[in-house]
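Results of the structural survey
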Amino acid sequence: MLCSVEADTNHQEICFEDEKMGLLFNHGYPILNAIEIPKPKGKHRQTSRLIRMKNSWGFKSWNGKWAMASEEYEKNKEELIKALREIDENAKLSEPGTFFMCFNDFRKIITKLYLGIEFYPNYVGFYYDDHWSDVLPTALPWESEPDFFNNPQYYINIKEKTKLFINIAQQDPRIIRQRGNYFPFERFVRKNCLVIAKVSNGKSRLTQYKEEDIIMISTVRQHKDNSLHRLLQQGEYILIPCNCTRGKGGNFRLSIYVEDKIDESKGVINFMNRLKKV
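Quick look at the structure, then. Owing to the predicted nature of the structure, the values given are computational and were not obtained by experimental measurement. (Residues numbered from 1 in each chain as written. Predicted model: local features only at pLDDT ≥ 70, side-chain atom pairs only at ≥ 80, totals over all residues. Heavy atoms only, no water.)

1. Focus: the environment of lysine 65
Just so we agree on the cut-off: The secondary structure listing takes helices from DSSP runs of H or I that are at least 4 residues long and strands from runs of E that are at least 2 residues long, numbered from the N terminus. Two residues form a contact once any of their heavy atoms are found within 4.5 Å.
When you line up the elements, lysine 65 lands in the loop between strand 5 (47-54) and helix 1 (71-75). Sequence separation between lysine 65 and cysteine 102 is 37 residues, and the spatial gap between their C-alpha atoms is 7.1 Å. Not counting chain neighbours up to four residues away, the residues in contact with lysine 65 comprise Ser70, Glu72, Phe100, Met101 and Asp105.

Below, the structure written as structure tokens:
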């Protein structure tokens, strides 16, 4: 799970009640733990509810209540480490970039949560490194039909009803340290979406666009990753990662997670046998 504070500006320090708080706008902070520790007797609430977070940079963190070296933190070190070690016996308070925030401050300041997907054990994943052409123009189906077919295509033959989670990812542009490299990183990240279309009669490639054949189109995003989740019935399909930035190619990784069937005698049915690039 990840959280952030949304704003029209990037990486400027957040001020709360005219005081700089150490957090940055539009910066993702992983949520590591949620804990409760006892308060001294006589307090209205019997426990302090705390969120443990991290700045992946390893520095620049929250400096309000419960921050490292704060009065609350120093008085409750023993209770904090005790609570953490109930979760992880090797936990440390002083890991670089980690900090605590009380739940009340978390509610007041944090504006967005990002939830990751935890797959069930019967899901298996496959990865394909591919690229959009720098020479051939690409497009969304409703923008230019001929150019749409220049996008890479993957043929999927579903033998029985199957759940799929599909993700397309581009290189995180924050590792490219150049002046003017700001979100949404138009210079490096291609606007993209994922399309699933139905095919029949043995066709292994989509050559004609018909609206009734389109099963699903993901959100069009100028972001380093995009995804969709779909239950597909038995049949033949084409998966198309679309580059919507005309005249610019680029590399991507296509990840496909499938709810596969377990056969005790044969093991996991190999989804690779049902998917190929065309």
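2. Describing the pairing of strand 14 (residues 235-243)
Regular strands place side chains that alternate from one sheet face to the opposite one. For clarity, the cut-off: Exposed residues in this analysis have more than 50% of their type's maximum accessible area, buried residues have under 20%, and partly exposed residues fall in between, with area computed by a 1.4 Å probe over protein chains only. Strands were regarded as paired on the criterion that DSSP finds at least two bridges between them.
With nine of nine residues buried, strand 14 is to be regarded as a mostly interior element. The two faces of strand 14 match: Gly235, Tyr237, Leu239, Pro241 and Asn243 on one face and Glu236, Ile238, Ile240 and Cys242 on the other face are all buried. Pairing analysis gives five bridges linking strand 9 (residues 154-158) to strand 14, with the strands arranged antiparallel. Residue tyrosine 155 lies in a different strand from strand 14, and its bridge partner there is isoleucine 238. Pairing of strand 11 (residues 192-199) with strand 14, which is carried by eight bridges, proceeds in the antiparallel orientation. Note on strand 14: the bridge partner recorded for isoleucine 196 is leucine 239.

3. Some words on the sheet that holds strand 5
Put simply, the test is: With axes taken as lines fitted to C-alpha atoms, and helix axes fitted only over the stretch in contact, angles between N-to-C directions fall between 0 and 180 degrees.
Read from one edge to the other, the open sheet built from five strands follows the order 6-5-4-1-7, with strand pairing classed as antiparallel. The open sheet has two free edges, formed respectively by strand 6 (98-102) and strand 7 (112-114), since each of these has just one partner strand. Going from strand to strand, the sheet's axes swing by 40 degrees on average, the running direction of each strand aside.

4. Re the environment of glycine 247
Looking at the element boundaries, glycine 247 is found in the loop between strand 14 and strand 15 (250-259). Taking the C-alpha atoms as reference points, glycine 247 and valine 135, separated by 112 residues in sequence, lie 7.6 Å from one another.

5. Here we look at unusual backbone geometry
Even without being a glycine, lysine 60 presents a positive backbone phi close to 60 degrees. Within the secondary structure, lysine 60 sits in the loop between strand 5 and helix 1. For lysine 60, a relative accessible area of 33% corresponds to the partly exposed category. Backbone geometry places tryptophan 66, a non-glycine residue, at a positive phi of 75 degrees. For tryptophan 66, the position within the fold is in the loop between strand 5 and helix 1.

6. Let's talk about the packing of aromatic side chains
For the record, the criterion: Note on aromatic contacts: the rings of Phe and Tyr and the six-membered ring of Trp form a pair at centre separations within 6.5 Å, being stacked when their planes are under 30 degrees apart, edge-to-face when over 60 apart, and tilted otherwise. Note on geometry: a ring has a charge over it if NZ (lysine) or CZ (arginine) is within 6 Å of the ring centre and within 35 degrees of the ring normal.
Taken as a whole, this structure holds eight aromatic pairs when the rule is applied. Ring geometry for tryptophan 132 versus phenylalanine 252: centroids 4.6 Å apart, planes at 40 degrees, classification tilted. Taken together, the positions of tryptophan 132 in strand 8 (residues 123-132) and phenylalanine 252 in strand 15 put the pair 120 residues apart, joining distant regions of the chain. Accessibility assignment for this pair places tryptophan 132 and phenylalanine 252 in one class, buried. Positioned above the aromatic ring of tyrosine 237 is the side chain of lysine 198, whose terminal nitrogen or guanidinium carbon lies 5.3 Å from the ring centre.

7. Structural notes on the state of the cysteines
In plain terms, the rule: Here, the term disulfide refers to a pair of cysteine sulfur atoms separated by no more than 2.5 Å.
All chains considered together, the criterion is met by zero disulfides. We note that cysteine 193 lacks a disulfide partner, and the nearest cysteine sulfur, in cysteine 242, lies 4.2 Å from it. According to the relative accessible area criterion, cysteine 193 is buried, its value standing at 0%.

8. Description of a positive patch on the surface
Definition in use: Here a patch means residues that are over 30% exposed by relative accessible area and free of salt bridges, tied together within 9 Å if like-charged and within 5 Å if nonpolar (Val, Leu, Ile, Met, Phe, Trp, Tyr). In these tables, accessible area is a Shrake-Rupley quantity obtained with a 1.4 Å probe, and a residue counts as shielded only by the protein chains included in the view. The rule for a salt bridge is simple: a side-chain nitrogen of Lys or Arg has to be within 4 Å of a carboxyl oxygen of Asp or Glu. For the purpose of charge, His is not counted, nor are the chain termini; Lys and Arg are scored as positive and Asp and Glu as negative. The atoms used to mark charge sites are NZ of Lys, CZ of Arg, CG of Asp and CD of Glu.
A contiguous patch of positive charge, built from Arg49, Lys65, Arg107 and Lys108, is present on the exposed surface. Relative to the assigned elements, arginine 107 resides in helix 3 (residues 103-109).

9. Focus on the sheet that holds strand 13 (residues 225-232)
Strands sit in the order 8-15-10-13 across an open sheet of four strands; the sheet is antiparallel. Looking along the sheet, the strands with just one partner apiece sit at the ends: strand 8 and strand 13. The sheet shows a mean angle of 15 degrees between the axes of neighbouring strands, taken without regard to direction.

10. Overview of the nonpolar core
Using the following cut-off: We call a set of buried residues a nonpolar core when its members are Ala, Val, Leu, Ile, Met, Phe, Trp, Tyr or Cys and they connect through side-chain atoms within 4.5 Å of each other.
Grouped together as the largest cluster of nonpolar side chains are 19 residues, with contacts concentrated most on Leu164, Ile166, Leu194, Ile196, Leu239, Leu254 and Ile256. Of all elements in the fold, only strand 8, strand 9, strand 10 (162-169), strand 11, strand 13, strand 14 and strand 15 reach the threshold of two or more residues within this core. Considering every element that reaches this core, the biggest residue donor is strand 15, with four residues. Contact partners of leucine 194, with chain neighbours within four places excluded, come to Ile166, Ile168, Met216, Ile217, Ser218, Asn226, Ser227, Leu228, Leu239, Ile240, Pro241 and Leu254. In terms of nonpolar packing, the next biggest core, distinct from the first, is built from 18 residues, Tyr29, Phe106, Ile109 and Ile110 among them.

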